[in-house]
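The residues making up each chain are set out below.
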Amino acid sequence: MATIREARAAGRERAARGGVSARDADLLLADALGREPVWLLAHDTDQIDDKAARAFEGSLDRRIAGEPVQYIRGRCEFYGREFLVDSRVLIPRPETELLVERLVRIAPRGARVVDVGAGSGCIAITLAAERPDLRVMSVDLSLGALAVAHANATRLGVRVSFAGSDLLSACRGPFDIVVSNPPYVAEGERDRMQREVVAWEPHLALFAGDKGMSVIVRLLAEASHLVAPRGVVALEIGYDQAWLLAELASATDWRLEIHPDLAGIPRVALLQRE
Ligand SMILES: C[S@@+](CC[C@H](N)C(=O)[O-])C[C@H]1O[C@@H](n2cnc3c(N)ncnc32)[C@H](O)[C@@H]1O
């Protein structure tokens, strides 16, 4: 039997050879031991048993084969909470926290909210947890995603109602807020994307036609019938989509506000009926 220090060093070396970070190797070792990574440092002379060593080997193999560490661990953090994730859902991204943060601040008291494209449920669940006065529902076309989102809501003790729907087709409204991190990657971007994302994350969550706008265009058209007066559509958008959205808004009666992310990239679009 090896010590934790030896297993950690060997794991980090294998990870480096496979192009995997030392941080991921540590996370997977800690998971195999059922501990937090910081525990490893304080117990580096303890022995690692065969079962944990085999579990570590197996998960490191998966990571070296390219599987995202969040899917291997089955969880990831979003807005300070832990969400279950697997290959049925997009891994929640830090930039999506900006969209949620803005709504947490501006949503009117008691607002009726629908989140379109639940995925892991990270947007709807966080809104409901941070603002228990909101009435939140969340829809997705993928039944697999809805199962994950439902499990997350139950686990986090948050009330959100979930439904299967193609965009807003199964929703009655009216809503004060329609929020979505829709699929917005252009088909032509596929070859330029991180290989890990294309190989492992659900394509239904990523791609949306030629310019990545097909879902957004359809969603805005549907939202215009279901948004209450002075209601808002809040979207996460792609790095090059602000002007496409501005064109779309100028041809309709939506007033558009764009907010950049921390890197200065236009990331959150707020549309309000004029
Ligand atoms: C980019 S992911 C966002 C997931 C989650 N809200 C997040 O921010 O991590 C987009 C989600 O939209 C769902 N979706 C794609 N097309 C849809 C449609 N026509 N109707 C409803 N949901 C759809 C996908 O299944 C996926 O879960």
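Residues numbered from 1 in each chain as written. Predicted model: local features only at pLDDT ≥ 70, side-chain atom pairs only at ≥ 80, totals over all residues.

As a matter of local geometry, the ligand sits amid 25 residues, with G117, G119, L141, N181 and A205 nearest to it. Those elements that place two or more of their residues in the shell around the ligand are helix 7 (122–130) and strand 4 (135–140). Among the residues forming the shell around the ligand, the class breakdown is 16 nonpolar, seven polar and two charged. (Near = placed C-beta within 6 Å. Helix = DSSP H or I, 4+ residues; strand = E, 2+ residues; numbered from the N terminus. Nonpolar A, V, L, I, M, F, W, Y, C, P; charged D, E, K, R; others polar.)

Time to look at the nonpolar core. With 79 residues, the main nonpolar core has V113, L127, I177, V178, V233 and A234 as its most contacted residues. The biggest single contributor to this core is helix 7, with seven residues. Taken together, domain 1 (4–65) and domain 2 (88–273) each give at least three residues to this core, which thus spans both. Ignoring anything within four residues of it in the chain, the contact list for V113 reads A107, L127, L134, R135, V136, F175, D176, I177 and V179. (Core = buried A, V, L, I, M, F, W, Y, C linked by C-beta atoms within 7 Å. Buried ≥ 20, exposed ≤ 12 C-beta atoms within 10 Å, placed from the backbone. Domains from an automatic or database assignment. Contact = placed C-beta atoms within 7 Å.)

Turning our eyes to something else, we now look at the environment of E274. Among the secondary structure elements, E274 is positioned in the segment after strand 9 (266–273). Classification of E274 as exposed rests on a count of 7 C-beta atoms within 10 Å. Separated by 18 residues in sequence, E274 and L256 have C-alpha atoms that sit 9.6 Å apart. Leave out the neighbours within four places in its chain, and E274 touches D253 and R255.

Moving on, we come to the sheet that holds strand 4. Pairing in this open sheet of seven strands is mixed, and the strands run 5-4-3-6-7-9-8 from one edge to the other. Strands at the two margins of the open sheet, each flanked by one partner only, are strand 5 (161–164) and strand 8 (254–260). In this sheet, neighbouring strand axes are inclined to one another by 20° on average, regardless of whether the strands run parallel or antiparallel. Note that strand 3 (residues 112–116) and strand 6 (residues 175–180) share four bridges and pair parallel. The partner of V113 across the bridge, within strand 6, is I177. (Pairing = 2+ DSSP bridges. Axes fitted to C-alpha atoms, helices over the stretch in contact; angles between N-to-C directions.)

So, on to helix 6 (residues 94–106). When we look at burial in helix 6, the residues that qualify are T96, L99, V100 and L103. An end-on view of helix 6 places all buried positions within 90° of arc, on one side of the element. More than 90 degrees from the buried face of helix 6, the exposed residues found are P94, R105 and I106. Where helix 6 is buried, its residues meet helix 7, strand 6, strand 7 (227–236) and strand 9. (Arc of directions from axis to C-beta.)

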